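Inside the fold
Chain residues, written in single-letter form:
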Amino acid sequence: MTQSRWLTWLSPLLLLVLWEVAVQLNLLNRVFIPPPSEVMVALTKALRDGSMQHDVLVSSQRIVLGFVIGAVPGTLLGIWSGLNRTVLALVRPLATMLYPVPKIALLPLVIVVLGIGEVSKVATVAVSVFLMVVIHTIGGVLQIDQRYFEAARVFGANQRTIFRTVALPASLPAIVEGWKLAMGFALTLIVGVEFVGANDGIGYRIWQSYELYAIADMMAAVCVIAGLGWVVTVVLDEVARLLVPWRYTTVKESRMSVVRTWWGAVRPWSYTAAIVPVLLGAAIAAQQVGLNWWLLILALIGSIAIQGGTNLMNDYYDYRKGTDTPAVKGTGGALLRGDLTPTQIFWAGITAFAIGAAIGLYLVSVTGPFIFWLGLCSVAVGYFYTAGPFALAYVGLGEIAVFIFMGPVMVLGSYFLQIPTVAWPAVWVSLPVAFVVAAILHANNLRDIDTDRINNKRTLATIFGRDGARIEYYILVGGTFVSQWVLVALGVAPWPTLVTLAMLPLAWKLMGIAGREVDPAALQPVLRQTAMLHMRFGLLYVLGWVIALWV
Amino acid sequence: MDSGVVVDFAHLGVTYANGVVALSDLSLTIAADQAVCVVGPSGCGKTTLLRVLAGLERATHGGVQLSRPATLAMVFQQGLLFPWLSVADNISYGLMTRGATPPQCRAAAREWCERMGLQRFIDAYPHQLSGGMQQRVGLARALAVNPDVLLLDEPFAALDAQTRVLMQELLVDLRRQGLCRSLLLVTHAIDEALLVGDRVVVLSARPGRIIADVTPQVSHGQSFDEIRAQPAFMQAFTTIWQLIRHEVEAQLREEVTL
Ligand SMILES: Nc1ncnc2c1ncn2[C@@H]1O[C@H](COP(=O)(O)OP(=O)(O)O)[C@@H](O)[C@H]1O
Ligand SMILES: [Mg+2]
């Protein structure tokens, strides 16, 4: 990261520190101006009792709904007006006339017409979004260089093709720009709308806190709406990059946008081992209680962050040791291609760990010490996995460690977040997932059996020899299915989980290849597809549990 | 119409809505496989002539006829590539509008990129290319539809002098490979007309009338530098230049008296 990047963070940080110090020294009256620490406390409280999530959700719903209802017809009408003189003559004067009217001034009128409920709030947002989008879209279509239309005609394009290949793409930059402005507008407007006649939402929260003189709560809400604004900006920028890629490519090469680079480098969707157990634990708990989505989502993010951090750190050290090549997928490849720098990877890893740790501590504070011990054990095993004198992976204990911790332990932890008891059924139910996650690791060891032997790495595969290792792979993959059938037969797992049978052909194929091939290159697909088996089997298994909620 | 003729401008006149008479009573035929270059002073109606043929402008009197349903394609002065399409999609645009499937389009784009030395840029956007590269794409887009008549409107005027020569050579080379049949190129550069055309038509100042129709006796099939050194080339150049000079000077005098 460059120096100026840090400097941009410095001034707001400094302001916060000065503010805090000034209040602590009683230079500022904390009744009127509470310090940042108090705002943080207020924010945490609002997050804990779920009121903040509720308000954000409600306000977001109003914004998104109003935006879609306004922007979709606005865009269509705008394009039509831009292309058709008659429609233009009808639409433009009206839109231009209404445009400067402050939309909040229309709210009372809208309330008179539509009542004070949800409809009037959404409608107010929708109307202003609509006007904004219409005006920008018309402008975008009218400014198209007419010669592009002529070129298209010379090359034989009919009206429809011209619309699709010229009118639409040529006006898209201006249209997206209009969307961005309208979204910013919607955000401002919703706060004002919620000041009056609302029972929830961020704007309501701000006003309510003002009336109760809870300034810290008010500031917490303001921070959240600022954060929301930031998220919206980032999302819309990405939308723009996706829709208008030709505006964003530099002269050297088509560079992916920052988010896409990171997304491709970190590959969060590939973290099947981090996702499936968490989902499974929650799905089992959901059989007994209503799901706490907030905790589930936090657990998912935390779990993904930890695995992401681990991957990033691995890539960082691999790069320093020089084992990766540019063709490698993931961050390792991105590093060598120069899309990302080692320092960026390192700090991203640290950030991921920090996020994971923060979420972990929060979860501990919500649900008690059991999660803490569980987490501590996991971290210890994670550390000793490849490090230290008893590197588990190199004394043949890798599969067992993975089996226990990425199976029962994670499922139990996720279950515990929903229902704070240690439930043995959750452990039994996790066994199929434990088998298949161990199979991933073993597929790796099976592929590397010869090089590991040379390097004196002791894995179960090198200990058993190739034939034994093949049998172990059969046991792990077979065990995945057989253990599940036993669970169903005993009535521990519901019968809809048998949808996993759809994965039997894939498993059969993989066992075939593993039993036949010796060449590492031929065994590479086995590794990749065993991970795929884990994800598909796991998701289907979870799906079965979800279906069981209704049947 | 005689069977060898592909394009037939007959007594063409174009008067614009603001009263400007761009062309009056212009008659010109283009034979199959003939390369006709039209030179004339700036503003004499050269672009108008092409636009009428391309169907972008209406004739006020007279008109233009094609001997049979003919495919036309055009290379525009500023390239006029679609900025939102990749090089590949620009090249295959005319095929796409005529119903080619995406794989066919892609195959054609790849073939033309190879031919034009654009392989590395096949997935780039036009603004990522230099002017010369852009005009190669413009040429490829036009030739990809395998046109019966290729129209070019000062295609190389915006390029630097070196690139321009290379592009002229490329065009002649493509023609020699049989990738481009009849060709109507308008330009204000006399040497370009002589190097590319089998026939050079000289227009007067506005409204454009034909004041000369020359078949340069230069022998093609040599390098451009050798052609330029031929006495026939220099002689034709001088003759045309005198004609155009006369027109421009007359026009200037007229404007001064106005
Ligand atoms: N759309 C138009 N409306 C009015 N006048 C035009 C239009 N297009 C061209 N002209 C005029 O017609 C004349 C011929 O134009 P053009 O064919 O572009 O000349 P050239 O290509 O030979 O430079 C010029 O004087 C130009 O100003
Ligand atoms: Mg012109």
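Since this is a predicted model, take the numbers as computed values, not measurements.

The rules we used
Residues numbered from 1 in each chain as written. Chains lettered and ligands numbered in written order. Predicted model: local features only at pLDDT ≥ 70, side-chain atom pairs only at ≥ 80, totals over all residues. Heavy atoms only, no water. Helix = DSSP H or I, 4+ residues; strand = E, 2+ residues; numbered from the N terminus. Buried < 20%, exposed > 50% of the residue type's maximum accessible area, 1.4 Å probe, protein only. Contact = heavy atoms within 4.5 Å. Areas by Shrake-Rupley, 256 points an atom, 1.4 Å probe, with all protein chains shown as cover. Near = heavy atom within 4 Å. Polar contact = N/O pair within 3.5 Å; in protein donor to acceptor, adjacent residues only side chain to side chain. Nonpolar A, V, L, I, M, F, W, Y, C, P; charged D, E, K, R; others polar. Buried area = accessible area lost by both parts, 1.4 Å probe. Salt bridge = Lys/Arg side-chain N within 4 Å of Asp/Glu carboxyl O. Pairing = 2+ DSSP bridges. Axes fitted to C-alpha atoms, helices over the stretch in contact; angles between N-to-C directions. Core = buried A, V, L, I, M, F, W, Y, C linked by side-chain atoms within 4.5 Å. Patch = residues over 30% accessible without salt bridge, like charges linked within 9 Å, V, L, I, M, F, W, Y side chains within 5 Å. Lys, Arg positive; Asp, Glu negative; His and termini not counted. Charge placed at Lys NZ, Arg CZ, Asp CG, Glu CD. pLDDT = per-residue confidence, 0-100. Phe/Tyr/Trp six-rings, centres within 6.5 Å; stacked < 30°, edge-to-face > 60°.

1. With respect to the overall build of chain B
- Across its full length, chain B carries 9 helices and 9 strands.
- Out of the 258 residues in chain B, the part that is buried amounts to 51%.
- In chain B, 71% of the contacts between residues at least 6 apart in sequence involve partners at least 24 apart.

2. A look at the overall build of chain A
- Per the secondary structure count, chain A includes 23 helices and 0 strands.
- Residues counted as buried form 46% of the 551 residues belonging to chain A.
- The contacts in chain A between residues at least 6 apart in sequence include a share of 71% that link residues at least 24 apart.
- Counting only carbon and sulfur atoms, one obtains 71% of the accessible surface of chain A, whose full area is about 28200 Å².

3. Some details on unusual backbone geometry
- The residue after B:Arg206, namely B:Pro207, is reached through a cis peptide bond having omega -10°.
- Tracing the backbone shows B:Pro207 in the loop between β8 (199-203) and β9 (210-214).
- Phi at A:Asn26 takes a positive value of approximately 65°, unusual for a residue other than glycine.
- With respect to the helices and strands, the residue A:Asn26 is situated in the loop between α1 (3-24) and α2 (36-48).
- You can call A:Asn26 exposed: its relative accessible area is 64%.
- For B:Asp25, which is not glycine, the phi torsion reads 55° and is therefore positive.
- Structurally, the position occupied by B:Asp25 is in strand β2 (residues 21-31).

4. Section: the site of ligand 1
All names here are of chain B.
- Taken together, the residues surrounding ligand 1 are Tyr16, Asn18, Val20, Ala22, Ser42, Gly43, Cys44, Gly45, Lys46, Thr47, Thr48 and Arg206.
- One nitrogen or oxygen atom from the main chain of Gly43 is found 2.7 Å from an oxygen atom belonging to ligand 1.
- Considered on its own, ligand 1 offers 560 Å² of accessible surface; in the complex 64% of this is hidden by protein.
- Looking at the shell around ligand 1, its residues break down into 4 nonpolar, 6 polar and 2 charged.

5. Observations concerning the interface of chain A and chain B
- At the junction of the two partners, chain A supplies 23 residues and chain B supplies 25 residues.
- Of the roughly 2100 Å² buried between chain A and chain B, counting both surfaces, carbon and sulfur atoms make up 65%.
- Applying the counting criterion to the chain A and chain B interface returns 1 salt bridge.
- For the salt bridge of B:Arg51 with A:Glu150, the shortest nitrogen-to-oxygen distance reads 2.6 Å.
- For the pair chain A and chain B, the interface holds 7 residue pairs in polar contact (both at pLDDT 80 or more).
- When contributions to the side of chain A that touches chain B are tallied by element, the ones reaching two or more residues are α7 (146-154) and α8 (159-195) of chain A.

6. A few points about the pattern of salt bridges
Residues and elements named next belong to chain B.
- Here the structure, examined in full by the defined rule, presents 23 salt bridges over all chains.
- Across the salt bridge formed by Arg68 and Asp148, the nearest N and O atoms sit 3.7 Å from each other. Placement of the pair is Arg68 in the loop between β4 (61-66) and β5 (72-75) and Asp148 in the loop between α5 (131-143) and β6 (149-153), with a sequence separation of 80 residues.
- On the basis of relative accessible area, Asp148 is assigned to the buried category, the value being 13%.
- A salt bridge links Asp213 to Arg199; the shortest N-O distance between them is 2.9 Å. Of the two residues, Asp213 is situated in strand β9 and Arg199 in strand β8; the sequence distance between them amounts to 14 residues.
- For Asp213, a relative accessible area of 42% corresponds to the partly exposed category.
- With a relative accessible area of 12%, Arg199 lands in the buried category.

7. Some points on the side chain of A:Thr480
Residues and elements named next belong to chain A.
- Position of Thr480 among the secondary structure elements: in helix α21 (residues 460-489).
- With a relative accessible area of 1%, Thr480 lands in the buried category.
- Here Leu476 takes part through its backbone oxygen, which lies 2.7 Å from a polar atom of the side chain of Thr480.
- Contact partners of Thr480, with chain neighbours within four places excluded, come to Pro432, Phe435, Val436 and Phe537.

8. Some details on the sheet that holds β2(B)
Residue and element names in this part refer to chain B.
- If you walk across this open sheet you meet the 3 strands as β2-β1-β4, and the pairing is antiparallel. With one partner strand each, in any of the chains shown, β2 and β4 form the two edges of the open sheet. On average, each strand axis in the sheet is inclined to that of its neighbour by 15°, with strand direction left out of account.

9. So, the nonpolar core
- The biggest cluster of nonpolar side chains holds 137 residues, and the ones touching the most others in it are A:Val166, B:Phe9, B:Phe82, B:Leu139, B:Leu150, B:Leu171 and B:Leu184.
- The leading source of residues in this core is α8(A), at 14 residues.
- The residues touching B:Leu150, leaving out its near neighbours within four places in the chain, are B:Ala73, B:Val75, B:Ala142, B:Leu143, B:Leu171, B:Cys180, B:Ser182, B:Leu183 and B:Leu184.
- Counting 52 residues, the second largest nonpolar core, distinct from the first, contains A:Val411, A:Val427, A:Phe537 and A:Val542.

10. A closer look at the environment of B:Phe156
- Relative to the helices and strands, B:Phe156 resides in the loop between β6 and α6 (161-176).
- A C-alpha to C-alpha distance of 8.6 Å links B:Phe156 and B:Gln78, two positions 78 residues apart in sequence.

11. Let's talk about a nonpolar patch on the surface
- A cluster of nonpolar side chains, A:Val17, A:Val21, A:Leu25, A:Leu27, A:Leu28, A:Val31, A:Phe32, A:Ile33 and A:Tyr213, forms an exposed patch at the surface whose accessible area comes to about 840 Å².
- Summarising the element assignment, A:Val17 is placed in helix α1.

12. Details of the sheet that holds β9(B)
All names here are of chain B.
- Spatially, 6 strands are ordered β5-β6-β7-β3-β8-β9 in an open sheet, and the strand pairing comes out mixed. Two strands close off the open sheet at either side, each with one partner strand: β5 and β9. For this sheet, the mean inter-axis angle between neighbouring strands, taken without regard to orientation, is 15°.
- Here β5 runs beside β6; their pairing, made up of 4 bridges, is parallel.

13. Focus: the pairing of strand β1 (residues 5-15) of chain B
Residue and element names in this part refer to chain B.
- With respect to burial, β1 is a largely interior element, 8 of its 11 residues being buried.
- As judged from the 7 bridges shared by β1 and β2, these two strands associate in the antiparallel manner. Residue pairing across strands places Asp8 opposite Thr29, the latter belonging to β2.
- A loop of 5 residues connects β1 with β2, the two strands running antiparallel in sequence, and Gly19 in this loop sits at a positive phi of about 95°.
- Alignment of β1 against β4, held across 5 bridges, turns out to be antiparallel. Bridge assignment links Gly13 to a residue of β4, and that residue is His61.

14. Some thoughts on a negative patch on the surface
- A cluster of acidic residues, B:Glu169, B:Asp173, B:Asp225 and B:Glu226, forms a negative patch on the protein surface.
- Mapped onto the elements of the fold, B:Glu169 is located in helix α6.

15. What to know about the confidence of the model for chain B
- In the predicted model, chain B carries a mean pLDDT of 89, and 97% of its residues have values of at least 70.
- Prediction confidence for the complex, expressed as pTM and ipTM, is 0.64 and 0.92 respectively.

16. Side note on the packing of aromatic side chains
- Tallied over the entire structure, the rule returns 19 aromatic pairs over all chains.
- Taken together, a centroid distance of 6.2 Å and an interplanar angle of 45° make the contact between A:Tyr148 and B:Phe82 tilted. On the criterion of chain membership, the pair formed by A:Tyr148 in helix α7 and B:Phe82 in the loop between β5 and α2 (87-91) is interchain, its members lying in two chains.
- When its relative accessible area of 17% is taken as the criterion, A:Tyr148 is described as buried.
- Residue classification places B:Phe82 among the buried residues on the basis of a relative accessible area of 0%.

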